[in-house]
Amino acid sequence: LVPARGIAPGVLVGSLLLAALLAVGVAARARRPVVTLGIGWLLISLLPVANLFFTPGILLAGRTLYLPSIGLAILAGAATTEVLSRGRHRRAWAAAAVTVVVAFAVRTSVRNPVWDSTAAVVASLEVGHPRSHVVLQARGVEAFNAGRVAEAETLFAESLALLPFPWWRWRR
């Protein structure tokens, strides 16, 4: 395995968005405390399932995003209150809100078949993230089940090497 070189564009964009979100939360603390509450709720509740400190052992389950979605709902409520209190451009904001909801609904309906089975999820990961530890682990299981033990051992070793730090310390 070769260590990563440089910063991937997605990591850079995500880091900038996180920094901006934190800055907005701090700046809004005095005048709009509900915004700070929403951002804080969102970020703190995402920490346990964000794969930053440890891997939770699941790919992604919708149930892990229920609690963070409360933070988004708080932010949406704060934004709605702000827009409606100003009174200008209500139709434009309503059209924008409808557009966002429709876009998310379409994206959800397009993405849903991926969650049909574990095999479908792994197949999707193989396309988007072929060097993911989850993909390598799944390939290792397939190789082992097919009797290709040496190949399975290699894939399992690669998968474990990609974990952020020894995962077994978190398991009992």
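All values derive from a computational prediction rather than experimental measurement. Residue numbers restart at each chain and count upward from 1, following the sequence in its written direction. Residues qualify for local features only when their pLDDT is at least 70, as the model is predicted, and side-chain atom pairs are given and counted only at 80 or more; totals for whole chains, interfaces and linings, by contrast, use all residues. Side-chain metrics in this entry use all non-hydrogen atoms of the structure; hydrogen atoms and water are not considered.

## A word on the packing of helix α5 (residues 118-128) against helix α6 (residues 133-145)
This is how it is decided: Axes here mean lines fitted to C-alpha atoms, for a helix over just the part in contact, with angles spanning 0 to 180 degrees between N-to-C directions. Each helix is a run of H or I in the DSSP string that is no shorter than four residues. Each strand is a run of E no shorter than two, and both are numbered from the N terminus. Roughly parallel refers to an angle under 35 degrees, roughly antiparallel to one over 145, roughly perpendicular to one between 65 and 115, and oblique to any angle outside these ranges. With the far helix as reference, a near helix turned anticlockwise by less than a right angle produces a left-handed crossing, and one turned clockwise produces a right-handed crossing. It only takes one pair of heavy atoms within 4.5 Å for two residues to be counted as in contact. All residues other than Ala, Val, Leu, Ile, Met, Phe, Trp, Tyr, Cys, Pro, Asp, Glu, Lys and Arg, Gly among them, are scored as polar; the first ten of these are nonpolar and the last four charged.
Across the interface, α5 lies against α6 with an axial gap of 9 Å and an inter-helix angle of 125°. As far as their axial angle goes, α6 and α5 are oblique. The two elements α5 and α6 cross, and the hand of that crossing is left-handed. Seen from α5, the contacting residues are V122, L125 and E126; seen from α6, they are V134, V135, A138 and R139. Residue classes in the contact of α5 with α6 are distributed as five nonpolar, no polar and two charged.

## Re the nonpolar core
Put simply, the rule is: In this description, a nonpolar core means a group of buried Ala, Val, Leu, Ile, Met, Phe, Trp, Tyr and Cys residues linked to one another through side-chain atoms lying within 4.5 Å. Partly exposed residues are those whose accessible area sits between 20% and 50% of the maximum for their type, while under 20% is buried and over 50% is exposed, using a 1.4 Å probe and protein chains only.
If you look at the biggest cluster of nonpolar residues, it comprises six residues: A28, V35, I39, L43, L75 and A78. Mapped by element, the contributors of at least two residues to this core are α2 (33-46) and α3 (66-86). Examining the composition of this core, we find that three residues originate from one element, α2, more than from any other. Here A28 is in contact with P33, V35 and T36, once residues within four sequence places are set aside. Core analysis: the second largest hydrophobic core is formed by five residues, V114, L125, V134 and V135 among them.

## A word on the confidence of the model for the protein chain
How we decide: Across the chain, each position has a pLDDT score giving the predictor's confidence in that residue, from 0 to 100.
Across the protein chain, the average pLDDT comes to 84, with 87% of residues at or above 70. Looking at the elements of the protein chain, mean pLDDT is at its lowest for α5, recorded as 84, and at its highest for α2, recorded as 95.

## Examining the packing of α2 against α3
Relative orientation of the contacting elements α2 and α3 amounts to 160°, with a least axis distance of 7 Å. For the element pair α2 / α3, the angle class is roughly antiparallel. Seen along the crossing, α2 lies across α3 with a hand that is left-handed. Residues V34, V35, L37, G38, I39, W41, L42, S45 and L46 of α2 form the contact with α3, whose own contacting residues are L67, P68, I70, G71, L72, I74, L75 and A78. Of the residues belonging to the contact of α2 with α3, the class tally is 14 nonpolar, three polar and no charged.

## Let's talk about a nonpolar patch on the surface
For the record, the criterion: Every patch collects residues that have over 30% relative accessible area and no salt bridge, joining them within 9 Å if they carry like charges and within 5 Å if they are nonpolar side chains (Val, Leu, Ile, Met, Phe, Trp, Tyr). Each accessible area value is a Shrake-Rupley result obtained with a 1.4 Å probe; residue values ignore everything except the protein chains displayed when judging cover. Just to be clear on terms, a salt bridge is a Lys or Arg side-chain nitrogen sitting within 4 Å of an Asp or Glu carboxyl oxygen.
A contiguous nonpolar patch, built from V34, L37, W41, L67 and I70 and spanning about 420 Å² of accessible area, is present on the exposed surface. Counting residues per element, the ones that place at least two in the nonpolar patch are α2 and α3. No other element matches the three residues that α2 contributes to the nonpolar patch. Relative to the assigned elements, V34 resides in helix α2. Exposure remark for V34: the relative accessible area of 39% places this residue in the partly exposed category.

## Notes on α2
Applicable threshold: For a helix, the expected span equals 1.5 Å multiplied by the residue count minus one.
The end-to-end C-alpha separation of α2 is 20 Å, in line with the 20 Å expected for 14 residues at 1.5 Å each. Buried within α2 are the following residues: V35, G38, I39, L42, L43 and S45. In this structure, the buried side of α2 is in contact with α1 (9-27) and α3.

## Structural notes on the pattern of salt bridges
For the structure on display, the rule yields four salt bridges. A salt bridge links R139 to E126; the shortest N-O distance between them is 3.2 Å. Within this pair, whereas R139 is found in helix α6, its partner E126 is found in helix α5, the two being separated by 13 residues in sequence. By relative accessible area, which is 26% here, R139 ends up partly exposed. Residue E151 pairs with R148 through a salt bridge whose shortest N-O separation is 2.5 Å. Taking the relative accessible area as the measure of exposure, R148 reaches 40% and is therefore partly exposed.

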